[in-house]
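What follows is each chain in one-letter form.
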Amino acid sequence: MTLKTILGAATALGLALAAPAFAQDPTKVGFIYVGPVGDHGWSYTHDQGRLAVEAEFGDAVETTYIENVAEGPDAERVITQMALGGADIIFATSFGYGPEMNNVAARFPDIKFEHATGYMQEQPNISLYNARFYEGRAVIGHIAGKMTETNKVGYIASFPIPEVIMGINAAYLAAKAVNPDVEFSIIWAYSWYDPAQEAAAAEALIEQGADIIMQHTDSTAPLTVAQDAGVMGFGQASDMSGFAPDSHLTGIVDVWAPYYIDRVKAVMDGTWEPVNVWHGIDEGMVGFAPFNDKIPAELVAEAEGMIAAIADGSFHPFTGPINRQDGTPWLAEGEVADDGTLLGMDFYVEGITSEIPN
Amino acid sequence: MIRLEKRLAPSKRAQYLNPFLAVALTMIAGGLMFAALGKDPIAAIRLIFFDPIFSEQFGSYSRPQLLIKSAPLILIAVGLAIGFRAGIWNIGAEGQYIIGALCGAGVALAFYPMEGWFIFPLMIFAGALGGFLWAMIPAILKTRFNTNEILVSLLLVYVAEKLLAGMALGLMRNPDVAGFPGSRDLRRYESAHNADLIANTGMHWGVVAAMIAVIFAYVMMTRHSLGYQVRLAGQAPRAARFAGVSPTRLVVTCFGIAGVLAGLAGMFEVSGPSGQVRIDFASGYGFTAIIVAFLGRLNPIGIVLAGLLLGLTYIGGELSQMMLQLPGAAIQVFQGMLLFFLLALDFQTNYRLRLTKGARA
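Quick caveat, the model's predicted, so the values are computed rather than measured. (Residues numbered from 1 in each chain as written. Chains lettered and ligands numbered in written order. Predicted model: local features only at pLDDT ≥ 70, side-chain atom pairs only at ≥ 80, totals over all residues.)

Draft legend 1. Main features of the overall build of chain B. On a plain count of helices and strands, chain B comes out with 14 helices and 2 strands. Its C-alpha atoms give chain B a radius of gyration of 22 Å, near enough to 21 Å, the size a compact globule of 361 residues would have. When the backbone C-alpha atoms are referred to their principal axes, chain B occupies close to 75 × 55 × 35 Å. The buried share among the 361 residues of chain B stands at 48%. (Helix = DSSP H or I, 4+ residues; strand = E, 2+ residues; numbered from the N terminus. Rg over C-alpha atoms; globule rule 2.2 N^0.38 Å. Buried ≥ 20, exposed ≤ 12 C-beta atoms within 10 Å, placed from the backbone.)

Draft legend 2. Region of the structure containing the overall build of chain A. Looking only at helices and strands, one finds 11 helices and 14 strands in chain A. Against the 2.2 N^0.38 benchmark of 21 Å for 358 residues, chain A shows a C-alpha radius of gyration of 22 Å, consistent with a compact globule. Taken over the C-alpha atoms alone, chain A extends approximately 75 × 45 × 40 Å along its principal axes. Within chain A, buried positions represent 51% of all 358 residues. A fraction of 64% describes how many contacts in chain A between residues 6 or more apart in sequence connect residues 24 or more apart. (Contact = placed C-beta atoms within 7 Å.)

Draft legend 3. View of the sheet that holds strand S12 (residues 286–288) of chain A. All names here are of chain A. Read from one edge of the open sheet, 6 strands run S7-S6-S8-S9-S10-S12, paired in mixed fashion. For this open sheet the edge positions go to strand S7 (183–188) and S12, each flanked by a neighbour on one side alone. Adjacent strand axes in the sheet meet at a mean angle of 20°, parallel and antiparallel pairs treated alike. Sheet topology note: the strand S6 (residues 152–157)/strand S8 (residues 212–215) ladder contains 4 bridges and is parallel. (Pairing = 2+ DSSP bridges. Axes fitted to C-alpha atoms, helices over the stretch in contact; angles between N-to-C directions.)

Draft legend 4. View of the interface of chain B and chain A. Counting from both sides, the interface comprises 33 residues of chain B and, opposite them, 31 residues of chain A. Where the side of chain B that touches chain A is concerned, the elements lending two or more residues are helix H4 (59–85), helix H7 (149–169) and helix H13 (300–324) of chain B. Take the side of chain B that touches chain A: its biggest share by element is 6 residues, from H13(B). In terms of residue class, the side of chain B that touches chain A is built from 16 nonpolar, 12 polar and 5 charged. (Nonpolar A, V, L, I, M, F, W, Y, C, P; charged D, E, K, R; others polar.)

Draft legend 5. Spatial organisation of the confidence of the model for chain B. Here chain B averages 91 in pLDDT, while 99% of its residues score no lower than 70. Scoring of the predicted complex yields 0.86 for pTM and 0.86 for ipTM. (pLDDT = per-residue confidence, 0-100.)

Draft legend 6. Quick look at the UniProt feature "domain: ABC transporter substrate-binding protein PnrA-like" (unreviewed entry) in chain A. Mapped onto this structure's residue numbering, the UniProt feature "domain: ABC transporter substrate-binding protein PnrA-like" (unreviewed entry) falls at residues 27–296 of chain A. Along residues 27–296 of chain A, the helical share is 39% and the strand share 23%, with 48 Å between the first and last C-alpha atoms. (UniProt positions renumbered as here; feature names shortened; annotations may be inferred.)

Draft legend 7. Representation of the packing of helix H5 (residues 93–111) of chain B against H7(B). Residues and elements named next belong to chain B. Viewed as axis vectors pointing N to C, H5 and H7 meet at an angle of 30°, and their least axial separation amounts to 8 Å. Considered as vectors, H5 and H7 are oriented roughly parallel to each other. As for how H5 packs across H7, the hand of that crossing is left-handed. Contacts between H5 and H7 involve Glu94, Gly95, Ile98, Ile99 and Leu102 from the former and Leu156, Val157, Val159, Ala160, Glu161, Leu163, Leu164 and Met167 from the latter. When the residues that make up the contact of H5 with H7 are grouped by side-chain class, the tally is 10 nonpolar, 1 polar and 2 charged. (Parallel < 35°, antiparallel > 145°, perpendicular 65-115°, else oblique. Left-handed = near helix turned anticlockwise from the far one by under 90°.)

Draft legend 8. Region of the structure containing the packing of helix H12 (residues 285–295) of chain B against H13(B). Residues and elements named next belong to chain B. The N-to-C vectors of H12 and H13 enclose an angle of 130°; their axes lie 8 Å apart at closest approach. Classed by the angle they form, the pair H12 and H13 counts as oblique. For the element pair H12 and H13, the recorded crossing hand is right-handed. Two secondary-structure elements touch here, H12 through Thr288, Ile291, Val292, Ala293 and Leu295 and H13 through Ile303, Ala306, Gly307 and Leu310. Per-class residue counts for the contact of H12 with H13 are 7 nonpolar, 2 polar and no charged.

Draft legend 9. Main features of helix H11 (residues 247–271) of chain B. Taking 1.5 Å as the rise per residue, H11(B) with 25 residues should run 36 Å; its terminal C-alpha atoms sit 36 Å apart, in good agreement. Counting buried positions along H11(B) gives 19 out of 25 residues, so the element sits mostly inside the fold. (Expected span 1.5 Å × (residues − 1).)

Draft legend 10. Spatial organisation of the domain arrangement of chain A. Residue and element names in this part refer to chain A. Taken domain by domain, chain A comprises domain 1 (25–131) and domain 2 (133–253 + 287–343). Once you take the C-alpha centre of each, domain 1 and domain 2 turn out to be 29 Å apart. Taken together, the 8 residues of domain 1 in the interface contact 10 residues of domain 2. No other element matches the 3 residues that helix H2 (residues 42–57) contributes to the side of domain 1 that touches domain 2. A breakdown of the residues in the side of domain 1 that touches domain 2 according to their chemical character gives 3 nonpolar, 4 polar and 1 charged. (Domains from an automatic or database assignment.)

Draft legend 11. Structural view of the sheet that holds strand S11 (residues 276–279) of chain A. Residues and elements named next belong to chain A. The strand order S2-S1-S3-S4-S5-S11 describes an open sheet built from 6 strands, whose pairing is parallel. Of all the strands in the sheet, the pair left with one neighbour each is strand S2 (61–66) and S11. Across the sheet, the axes of successive neighbouring strands diverge by a mean angle of 15°, strand direction being ignored. Sheet topology note: the strand S1 (residues 27–32)/S2 ladder contains 6 bridges and is parallel. Paired with Gly30 across the strands is Thr64, a residue of S2.

Draft legend 12. Main features of unusual backbone geometry. Looking along the chain, the bond that leaves Gly320(A) and enters Pro321(A) is cis, with omega of 5°. Going from Tyr112(B) to Pro113(B), the amide bond is cis rather than trans, its omega being 0°. One can find Pro113(B) in the loop between H5 and helix H6 (119–145). The backbone phi angle of Asn200(B) is positive, close to 60°, even though this residue is not glycine. Turning to its location among the elements, Asn200(B) is positioned in the loop between H7 and helix H8 (205–223). At Gln325(B), a position not held by glycine, the phi torsion is positive, near 60°. Tracing the backbone through its elements, the reader meets Gln325(B) in the loop between H13 and helix H14 (328–350). You can call Gln325(B) partly exposed: it has 14 C-beta atoms within 10 Å.

Draft legend 13. Spotlight on the environment of Gly320(A). Residue and element names in this part refer to chain A. Residue placement: Gly320 occurs in the loop between helix H10 (297–311) and strand S13 (322–323). Exposure remark for Gly320: the 15 C-beta atoms within 10 Å place this residue in the partly exposed category. Distance in space between the C-alpha atoms of Gly320 and Ala226 is 34 Å, their sequence separation being 94 residues. Residues contacting Gly320, with those up to four places away along its chain left out, are Leu331, Ala332, Glu333, Gly334 and Glu335.

Draft legend 14. Just the environment of Leu4(B), in detail. All names here are of chain B. Within the secondary structure, Leu4 is located in strand S1 (residues 2–6). Taking the C-beta count within 10 Å as the criterion, Leu4 has 10 such neighbours and is therefore assigned exposed. Put simply, Leu4 and Arg354 are 350 residues apart on the chain and 6.1 Å apart in space, counted from C-alpha to C-alpha. Among all residues touching Leu4, those that are not within four sequence positions of it are Tyr351 and Leu353.

Draft legend 15. Structural context of the environment of Pro36(A). Inspection of the secondary structure assignment puts Pro36(A) in the loop between S1 and H2. Every residue in contact with Pro36(A), bar those within four places of it in the chain, is listed here: Ser43(A), Glu67(A), Asn68(A) and Gly328(B).

In structure tokens, the structure reads:
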């Protein structure tokens, strides 16, 4: 690059900055990820959403992201730097960013903040959004209940928080409904993303006789273990069939793109309002990877029927009668769980034999 | 045949020049890497090393952040360096840091919501004690049963991490928030909040503690007999024993000092910048401090500079990710290069390659 071109570029830049009417300023959109974008799980799907925003709006947006941002002071610094960098809207995609995001939002009232899976909404410029993953869990639970031959389903869980407990319950209830003999073995990985530990958990579960592995962790390791052992499993967050073509039955896919496009559009139009949404299959936030050919056609039809019923509201995965694990009644005949109870779920339903660790 | 030969008199000047050379080499090699990734290397280096301090857009926010990020690194590294000087390898500062934070936060949460002037001092004491006791495990196992302190202290980090997760999910979980892990926010509990002493300067008690620790360590290493014992034990263990230095006492002392400082760092972090006991509270300060200690030549003053430099690469690394969309892993490689080049330069200062003819008898 010669001095002349640099000067030329600088002049052009100066002109562009000096004449805002000349071209519309692109809307700046920032994303904060808790993991690497290459995890093929949680952060990867959010980045797919970011790319969809770019594809939708082209030159009218400018997106940026920072990956591997630890919850805590690092997150506050990164979000602040993004705000100072001129972002118009910032998506932060881990629930632990809550306090930091609220702190930053208070300092930058003109910037819009969107917090995935969070619960703190103390500022008027913060939105919360989350997906009803339990709906997807119910569908794969149904498939697992029908497909297991040993009647043992292995479940790799991350942390004992409501989100994860809700998923275990939803999958178990659906499996039990079609297979009264089904048993769930649950191993807690105490991590969202730890391929080595997830693989070890999958091996232990298979050794205990499980022929189906479910995971609420983000790596593809459990599926590759299942593939090698000749048992079946379900993907997590994105379509993981490429990692285990024979074993991958289907998987819950996080689809953030429609929401992200919608919210960025609202910022462009000046119609952005804070929301607190919990979207499911109906709104398209919870999707599914393609069904493996191993699943019999009639079971595919059942699963698709279930997906349709959840989408149109005629079926709710938590419909009574359901008892708690200790036998006390939770939902009466025909009663449907309310969102508040689900979001704070700290108990197993009746029939699960292990205990929630403390 | 190539043979390594220890230099009889390694250059003193090289020892002090090497860190600067390592930084320069890292800039060159890192720049090449950034260029290979299709990014403007000059802009990237500028964003990492200069913009956090000098940029108009980011500087006024980043400068205080530099203190916040560097203070725990310096505090931990000063303690570790004393042990490293004596040839005592405490690799588990991360664990001592976590336990210090848990003990400090535990005191605060036990008193919540009572307000009182005595709570914060008590938390400081608890944090120091927690780090000290956690460090005593590898120290006593070494002196009593001659276990390897590197292994024991490192493995105890994983125990501490599990304990941290257990606390965030169980005993210390905020009861007011349905089901989410993480303790109450200590920043919203006045008696326990380690706030900026002057608002928006980043100067919290942890920064003050780091300064005091640096001064104490400097005086101790240069003026006090304990410093002499440490240096002697590191350079000539046999001679140290003849001179009456008790290896047992030295191991316990070095681990104790490092444990106290790491515990304090954890406590100041959990009550200030972090605010909460949460599952991933530990962000690797205890391990990064090892790099800081060596980059700072195990010298308290050097450690201050090294801590600030590493803090800078973190903050600048985030800026370059955001502005240039450099991958996060490239920044980690960049930080790794710093240690790599330093070790390589040190190696060539202390050894030389000799070409010899034929096999040695």
